[in-house]
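Chain by chain, the residues run as shown.
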Amino acid sequence: MTRHLPTDDDINAFRQALEAAGVRRITTNQADPGKPKRLSDANEARRRAAVESSTLQTSGRTSDGRVEAVRPSEYLEFSVPDLPWRTFSQLKRGQTAWQAGLDLHGYTLEEARLELESFLRDAAAQGLRCVLVVHGKAWGTTADFPVLKSHTNAWLREWPGVLAFCSATDIDGGTGAVYILLRKRGQ
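Below is a summary of the structure that appears in this document. Keep in mind that what you see is a predicted model, and the values were worked out from it rather than measured.

A few words now on the pairing of strand E4 (residues 162-167). Regular strands have side chains that alternate between both faces of the sheet. Here E4 lies mainly inside the structure; six of its six residues are buried. Direction of pairing for strand E1 (residues 77-79) relative to E4: antiparallel, over a ladder of three bridges. Residue pairing across strands places serine 79 opposite alanine 164, the latter belonging to E4. With five bridges connecting them, E4 and strand E5 (residues 177-182) associate as antiparallel partners. The residue bridging alanine 164 from the neighbouring strand is leucine 181, located in E5.

Structure follows, in structure tokens:
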């Protein structure tokens, strides 16, 4: 079987068809958490509190560096034992719409923990059911594993309001982000 190589005319026709359809070249290689970054008062206060926090506030959460290292491309998943299979399956397929997003890129480990906890508290207070957190896959400067991803995996397993989480579908960041299913009020 011989492979058909496209001619220059074929390539030009393909490019013209893409241009006519409005297809644009990707300008950035980062996950988009959905909505444009607007610093609301709550977000600004949360960001300021995370940055200004000079003392390590240990609230029973894992922030001492003793976490299970995960690989950059490793798929993360967790659910409480009594979560219905169908609910978790829909979350894993990206069929549960997320209502708010948080991007942890650029935070130190402690800032990321404080930001995540504050974000989860706010989401629960607003009665949100599903949120997206982008943790990235980059290795830490002092570790040979993705530090934020590994810690996010540990922190979410300990957070009482988290029913389940799993790595996002490719369109929402793939293994560099997680969908988080939150407990309903009064549940």
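Now, onward.
The five strands are arranged E1-E4-E5-E3-E2 in an open sheet whose pairing can be described as mixed. With partners counted over all chains shown, the strands left at the sheet margins are E1 and strand E2 (101-103), one partner each. When strand polarity is set aside, the average angle formed by the axes of neighbouring strands in this sheet is 20 degrees. On the sheet, helix H4 (residues 109-125) packs against E2, strand E3 (130-134) and E5 and is oriented at approximately 165 degrees with respect to E3. Set on the sheet, helix H5 (residues 147-158) makes contact with E1, E4 and E5; between it and E4 the angle comes to about 160 degrees.

Taken as a whole, this structure holds five salt bridges when the rule is applied. Ionic pairing is found between arginine 71 and glutamate 74, a salt bridge with its closest N-O pair at 3.5 Å. Overall, the relative accessible area of 53% leaves arginine 71 in the exposed class. Residue arginine 113 pairs with glutamate 117 through a salt bridge whose shortest N-O separation is 3.2 Å. Taken together, the positions of arginine 113 and glutamate 117, both in helix H4 and four residues apart, correspond to about one turn of that helix.

How each quantity is defined
Residue indices follow the written sequence of each chain, beginning from 1 at its first position. Only residues with pLDDT of 70 or above have their local features reported here, since the model is predicted, and side-chain atom pairs are shown and tallied only from 80 upward, although totals for entire chains, interfaces and linings are computed over all residues. In computing side-chain properties, one takes all heavy atoms of the structure into account and sets aside hydrogens as well as water. Three exposure classes are used, based on accessible area relative to the maximum for each residue type with a 1.4 Å probe and protein chains only: buried under 20%, partly exposed in between, and exposed over 50%. Numbering of helices and strands runs from the N terminus; a helix is a DSSP stretch of H or I covering at least four residues, while a strand is a stretch of E covering at least two. For two strands to be treated as a pair, DSSP must find at least two bridges joining them. Think of each axis as a best-fit line through the C-alpha atoms, taken over the contacting stretch in the case of a helix, with angles from 0 to 180 degrees between the N-to-C directions. Throughout, a contact is declared for two residues whenever any of their heavy atoms are within 4.5 Å. We count a salt bridge whenever a side-chain nitrogen from Lys or Arg sits within 4 Å of a carboxyl oxygen from Asp or Glu.

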